[in-house]
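Residue-level listing of the chains:
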Amino acid sequence: MKMFKKLTLAAVTSLVAVTTLVGSASAASGISGKITINGSTALLPLTLQAAKEFQKINPKVRISASGKGSVTGPQAVKKGIADIGACDWDASMDVPGFKAFEGQVANKVAVIPFATVTNKNVKVNNLTTEQLKGIFSGKITNWKEVGGDNADIVVITRAFGSGTRVNYQAKALAGGDIVKKSKNYKEVGSSGDMKTAVATTPNAIGYIDLVYVNSDIKALSYNGVQPTTDNVINGSYKIWAYGYYMTKGQPTGATKAFIEYVQSAKFQQGSLKKLKFIPISAMR
């Protein structure tokens, strides 16, 4: 009899758990609509992964995501052609070079570490703030000036409007300029293009968010500190920024549900961390 009571209690507990899960799934699947996301290529891997997971839970939602640079995100929201503008800065406020997008709300979704990267043939593993300022301003033009081989430095940078460029200038270059002073200079339009250009151009240097770094390119230390998520969290590595989803006013409907999913502990502590982003809670 006592065993029967224990089994009954276990069965009831399981039934409640299953009912709760089914109820939650049904509630989630009731969300419908279309979400268009545009903007940051730094945030694009996160956005694509989140969209895949969210649509699996909510099959009545369709998400279209693309990346052309941070400034295009809030611009697309302003024009009404995107529901979410992915941006590597809070576009509701003025930042150097860009006016605030009035009426837009900045929804914080991730911490983005950025890294200085070079072609694998470059025999330099660390650069200081002053050395980077010299390279990107055109004052330092040969790798031998910073401890490398006797070879011209090929500078690869992001085009104006890139959030990665905004943050790299502000933090890695301490506000220093990026100046075209020679033929050994190239601008690219996305994080993917940056990775390809640096990987295939001997003696090249550029910058990219950590999620794109793999064995094809080399990430350099900055003032002696390696670009790792742990070093961002402990405060020793300074080249990072918050990533935002900009919306026209407070988000509603499917857009609100998607942003809340990206901000949820499940996604922040799961897929987001696996992609080398940092949960927003880690920097509070």
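Scroll up a little and you will see the structure.
Scope of this entry: the structure provided in the associated data block. All residue numbers refer to position in the chain's written sequence, counted from 1. Predicted model: local features are reported for residues with pLDDT of at least 70 only, side-chain atom pairs are reported and counted for 80 or more only, and whole-chain, interface and lining totals are derived from all residues. Note that water and hydrogens are dropped before the side-chain values are worked out from all heavy atoms of the structure.

A few points about the nonpolar core
A general tendency of soluble globular proteins is for nonpolar side chains to be buried together. Residue types Ala, Val, Leu, Ile, Met, Phe, Trp, Tyr and Cys, when buried and joined through side-chain atoms within 4.5 Å, form a set referred to as a nonpolar core. Only protein chains enter the accessibility calculation, which uses a 1.4 Å probe; a residue whose area is less than 20% of its type maximum is buried, one above 50% is exposed, and one in between is partly exposed. By size, the foremost hydrophobic cluster in this structure holds 84 residues, and its most contacted members are F136, W143 and F258. For this core, the leading source of residues is strand β4 (residues 104-118), giving seven residues. Contacts between residues were defined by any pair of non-hydrogen atoms, one from each residue, lying within 4.5 Å. Not counting residues up to four positions away in its chain, the partners in contact with F258 are I35, I37, T47, A50, A51, F54, I63, I84 and Y245. Put simply, DSSP H or I for four residues or longer makes a helix, DSSP E for two residues or longer makes a strand, and each gets a number counted from the N terminus.

Considering the layout of surface pockets
Grid points spaced at 1 Å and placed over the protein atoms alone form the basis of the search, with a cavity being a set where a 1.4 Å probe fits but cannot get out and a pocket an open set showing protein on both sides within 12 Å along at least five of seven lines. Lining residues have an atom within 4 Å of a point. Grid points are joined across faces, edges and corners, and a volume is the space filled by probe spheres set on the points. Considering only enclosed or pocket space, the largest pocket measures out at about 360 Å³ in volume. If you trace the largest pocket, you find 22 residues lining it, with V95, P96, V166, N167 and A170 closest to the centre. In the scheme used here, Gly and all other residues not listed as nonpolar or charged are polar, with Ala, Val, Leu, Ile, Met, Phe, Trp, Tyr, Cys and Pro taken as nonpolar and Asp, Glu, Lys and Arg as charged. A breakdown of the residues in the lining of the largest pocket according to their chemical character gives 10 nonpolar, seven polar and five charged.

Here we look at the packing of aromatic side chains
Centres within 6.5 Å are what make two rings of Phe, Tyr or Trp a pair, Trp counting through its six-membered ring; a difference in plane orientation under 30 degrees is then read as stacked, over 60 as edge-to-face, and the rest as tilted. For the structure on display, the rule yields 11 aromatic pairs. Three or more aromatic residues link up through ring pairs in this structure, and these residues are F54, Y245, F258, Y261 and F267. Cation over ring: K108 sits above Y242, and NZ or CZ is 3.9 Å from the ring centre. A positively charged side chain is recorded as over a ring if its NZ (Lys) or CZ (Arg) lies within 6 Å of the ring centre. The angle to the ring normal must also be within 35 degrees.

Some details on the environment of K274
In this fold, K274 is placed in helix α10 (residues 271-274). Distance from K274 to V211, taken between C-alpha atoms, is 9.1 Å for residues 63 residues apart in sequence.

Quick notes on the environment of F101
Tracing the sequence through the fold places F101 in the loop between β3 (84-87) and β4. Sequence separation of F101 and P74 is 27 residues, and the distance between their C-alpha atoms is 6.9 Å.

Thoughts on unusual backbone geometry
Phi angles above zero are rare outside glycine, and A174 is one such case at about 50°. Mapping A174 onto the fold places it in the loop between α5 (163-171) and β7 (185-188). At N203, a position not held by glycine, the phi torsion is positive, near 70°. Within the secondary structure layout, N203 lies in the loop between α6 (191-200) and β8 (204-209).

Considerations on helix α3 (residues 72-79)
Looking only at α3, the buried set comprises G73, P74, A76 and V77. Viewed end-on, α3 has its buried residues packed into an arc of 155°, placing them on one side of the element. Exposed side chains of α3 directed beyond 90 degrees from the buried face belong to K78 and K79. On the buried face of α3, the contacting elements are β1 (33-39), β3, β4 and β11 (240-248). In the stretch just after α3, G80 is the one whose phi turns positive, near 80°. To obtain the arc, one takes the directions from the helix axis to the C-beta atoms.

Here's the deal with the pairing of strand β2 (residues 61-65)
Here β1 runs beside β2; their pairing, made up of five bridges, is parallel. Bridged to I37 within β2 is A65. The handedness of the β1 to β2 crossover, carried by helix α2 (residues 44-57), is right-handed. The pairing criterion for strands is at least two bridges between them, as found by DSSP. Handedness is read with the strands pointing away from the viewer; a crossover is right-handed when the path from the first strand over the helix to the second is clockwise.

Geometry only, nothing functional implied.
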